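Listed below, chain by chain, are the residues.
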Amino acid sequence: MLELMPSLGTWRPAVSGQRCAVATIVAAGGSVPRPLGTSMLVSEHGDVLGSLSGGCVEGAVVEAALQAMHDGGSRLESFGYSAEDAFAVGLTCGGELEVHIQPTGTAGLDPALLNAASGASSLALIRRLDAEGGAVVVPHPASFSAAGSRELSALLGADDAVIRAAAAQLEPLLHGGRAGLVRLAPPEGCGGSVPETEPITLLVESRLPAARMLIFGANDFGAALLPAGKLLGYEVTLCDARPAFSSQGRFLGADHLVTDWPHRYLAAEAAAGRIDSRTVVCVLTHDPKFDIPLLETALALDLAYVGAMGSRRSHRQRLDGLLDCGIPAHALERLHSPIGLDLGAVTPAEVAVSITAEILASRAPHPASAWGSLKDGTGPIHHNTSEQSKVTPWT
């Protein structure tokens, strides 16, 4: 739903005040195109915003959404693959989806929530999927704690025990910028319109500020990596100590363009709290006077990825220099050098693909050494990274 929010202000059904239904993936198993939390809006006239599966099940979801708006109640639809029925609606990739469909007001959310979410880079949307419905926005999910439950109090309207239980389960999801389901048993004798036997079900989608990619080296490879990093959603900084290089117009697309000694800039950013465990550092300067002090600084930080360009000969010399600086051997295991996956890359653009491929591989649940062509592998091509993304019973 967070992905759809920026488009709601210009989506014709929302502007004209049509009734809508929100279809959301609440469980997934096997190979599926989109993750848990992915949403699609369907208007009362059948207009669609968003996609759940890239086309496999959209038609059936639209029909179910229109029926839900007609009936006035939410529903849960399951989609899989039927080898016996070639005309059955399902996922040809062999995965399984559970889609929750809930009729809502205009555009699916209260206008105040949309306004709160429209300009924020860091927020979480928590939707209640049981009969009570409703949604709240948490503006700073990374600072959410079980003690701060004002938003939950407004959404749940339950006693303190239920709110504390919900906050405890939400906290790791919000801090990690992840999506997930939280199911809570209502307190005994809670009253209200929800029967005591029906659990309280929350879907949380959280969004943290963009992770940073720091590119050191204003050269052809840095110019090629800059747009590739932005394509992956990183906030990209390009830094070089040489003004004649860093001031070139081809680097103006960077979010931040810095002229400073690389190690000094990285240390200052870390001291200011602008570096975190999602930060990616790519050292493309290929010059020991820059590389060694920069890598010494980078390897002392908790970073997602540290890579350095150079030949294998340069790599051996780099390791010797870092060991001489007192960097322990185990810390050097974190260094991706020579940088990039072995894709046969030669040109700067090809090298940028190689580097971004290695960054993606480093974030995967299995090691980069296990990566190869999909045609040579076995098992699902979409790997679930959380137990909460598997298909589980709804109640």
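Below or above, wherever it landed, is the structure these notes cover.

Rules used throughout
Residues numbered from 1 in each chain as written. Predicted model: local features only at pLDDT ≥ 70, side-chain atom pairs only at ≥ 80, totals over all residues. Heavy atoms only, no water. Helix = DSSP H or I, 4+ residues; strand = E, 2+ residues; numbered from the N terminus. Buried < 20%, exposed > 50% of the residue type's maximum accessible area, 1.4 Å probe, protein only. Areas by Shrake-Rupley, 256 points an atom, 1.4 Å probe, with all protein chains shown as cover. Core = buried A, V, L, I, M, F, W, Y, C linked by side-chain atoms within 4.5 Å. Contact = heavy atoms within 4.5 Å. Salt bridge = Lys/Arg side-chain N within 4 Å of Asp/Glu carboxyl O. Axes fitted to C-alpha atoms, helices over the stretch in contact; angles between N-to-C directions. Parallel < 35°, antiparallel > 145°, perpendicular 65-115°, else oblique. Left-handed = near helix turned anticlockwise from the far one by under 90°. Nonpolar A, V, L, I, M, F, W, Y, C, P; charged D, E, K, R; others polar. Pairing = 2+ DSSP bridges. Expected span 1.5 Å × (residues − 1). Polar contact = N/O pair within 3.5 Å; in protein donor to acceptor, adjacent residues only side chain to side chain. Right-handed = clockwise from strand over helix to strand, strands pointing away.

A few points about the overall build of the protein
Each helix and strand in the protein was counted, giving 13 helices and 15 strands. In the protein, which comprises 395 residues, the proportion classed as buried is 45%. With the model as given, the accessible surface of the protein reaches about 18800 Å², and the carbon-plus-sulfur share is 54%.

Focus: the nonpolar core
Grouped together as the largest cluster of nonpolar side chains are 24 residues, with contacts concentrated most on Met213, Ile215, Leu225, Cys282, Leu284, Ile355 and Ile359. Of all the elements in the fold, those that place two or more residues in this core are strand 10 (212-216), helix 7 (220-231), strand 11 (235-240), strand 13 (280-283) and helix 13 (348-363). Beyond its immediate stretch of four places on either side in the chain, Cys282 contacts Leu214, Ile215, Phe216, Leu225, Tyr305, Gly307, Ile339, Ile355 and Ile359. In terms of nonpolar packing, the next biggest core, distinct from the first, is built from 22 residues, Ile275, Ala298, Leu332 and Leu335 among them.

Examining the pattern of salt bridges
Enumeration according to the criterion identifies 14 salt bridges in this entry. With its nearest N and O atoms 2.9 Å apart, the salt bridge here joins Asp71 to Arg75. Arg75 gets classed as partly exposed once you look at its relative accessible area, which sits at 24%.

With respect to the packing of helix 9 (residues 262-271) against helix 10 (residues 288-298)
The interhelical angle for the contact between helix 9 and helix 10, taken along N-to-C directions, is 15 degrees, at an axis separation of 8 Å. Between helix 9 and helix 10, the angle falls in the class roughly parallel. In this structure, helix 9 meets helix 10 at a crossing whose hand is right-handed. Here Pro262, His263, Leu266 and Ala267 of helix 9 lie close against helix 10, whose contacting residues are Phe290, Pro293, Leu294, Thr297 and Ala298. Taken together, the residues of the contact of helix 9 with helix 10 sort by class into 7 nonpolar, 2 polar and no charged.

As for the pairing of strand 6 (residues 123-128)
For strand 6, the tally of buried residues reaches 6 of 6 residues, placing the bulk of the element in the interior. In terms of strand pairing, strand 6 meets strand 7 (residues 135-138) through 4 bridges, oriented antiparallel. Paired with Arg127 across the two strands is Ala135, which belongs to strand 7.

Quick notes on helix 7
Look at helix 7: 18 Å from first C-alpha to last across 12 residues, which is about the 16 Å you get at 1.5 Å a residue. Every buried residue of helix 7 is listed here: Gly222, Ala223, Ala224, Leu225, Leu226, Ala228 and Gly229. The N-cap of helix 7, judged by a side-chain oxygen 3.1 Å from the amide nitrogen of Phe221 a few residues on, is Asn219. Downstream of helix 7 by one or two residues, Gly233 has phi in the positive range, about 95 degrees.

Quick word on the sheet that holds strand 3 (residues 48-50)
In sheet architecture, strand pairing relies on hydrogen bonds along the backbone and comes in two forms, parallel and antiparallel. Read from one edge to the other, the open sheet built from 5 strands follows the order 3-2-1-5-4, with strand pairing classed as antiparallel. The outermost strands of the open sheet, each flanked by one partner alone, are strand 3 and strand 4 (75-79). Taken over all neighbouring pairs, the strand axes of this sheet differ in orientation by 20 degrees on average, direction set aside. Contacts between helix 3 (residues 58-71) and the sheet are confined to strand 1 (20-29), strand 2 (39-43), strand 3, strand 4 and strand 5 (96-104), with strand 2 contributing the most and set at about 55 degrees to the helix.

Looking at the sheet that holds strand 6
Strand order in the open sheet formed by 4 strands is 7-6-9-8, and the pairing between neighbours is antiparallel. Since the sheet does not close on itself, it has two edges, and those belong to strand 7 and strand 8 (179-184), each with one partner. On average, each strand axis in the sheet is inclined to that of its neighbour by 20 degrees, with strand direction left out of account. Together, strand 6, strand 8 and strand 9 (200-207) form the strand contacts of helix 6 (residues 160-175), whose direction differs from that of strand 8 by roughly 165 degrees.

Observations regarding the pairing of strand 14 (residues 305-308)
Judged by which residues are buried, strand 14 turns out to be covered on both faces: Tyr305 and Gly307 on one side and Val306 and Ala308 on the other are all buried. The sheet contact formed by strand 13 and strand 14 spans 4 bridges and is parallel. Residue pairing for strand 14: Val280 is matched across the bridge by Tyr305. Traced from strand 13 through helix 10 to strand 14, the parallel crossover comes out right-handed. In this sheet, strand 15 (residues 335-336) lies alongside strand 14 in parallel orientation, the contact comprising 2 bridges. Bridge pairing in strand 15 links Val306 to Leu335.

Thoughts on the side chain of His100
Considering the arrangement of structural elements, one finds His100 in strand 5. Owing to a relative accessible area of 3%, His100 belongs among the buried residues under this scheme. A polar side-chain atom of His100 sits 3.1 Å from the main-chain carbonyl oxygen of Leu129.

Some words on unusual backbone geometry
Between Ser337 and Pro338 the backbone carries a cis peptide bond, its omega angle lying at -5 degrees. Note that Pro338 resides in the loop between strand 15 and helix 13. In this structure, His286 is a non-glycine residue whose phi angle is positive, near 55 degrees. Tracing the backbone through its elements, the reader meets His286 in the loop between strand 13 and helix 10. What makes His286 partly exposed here is its relative accessible area of 45%.

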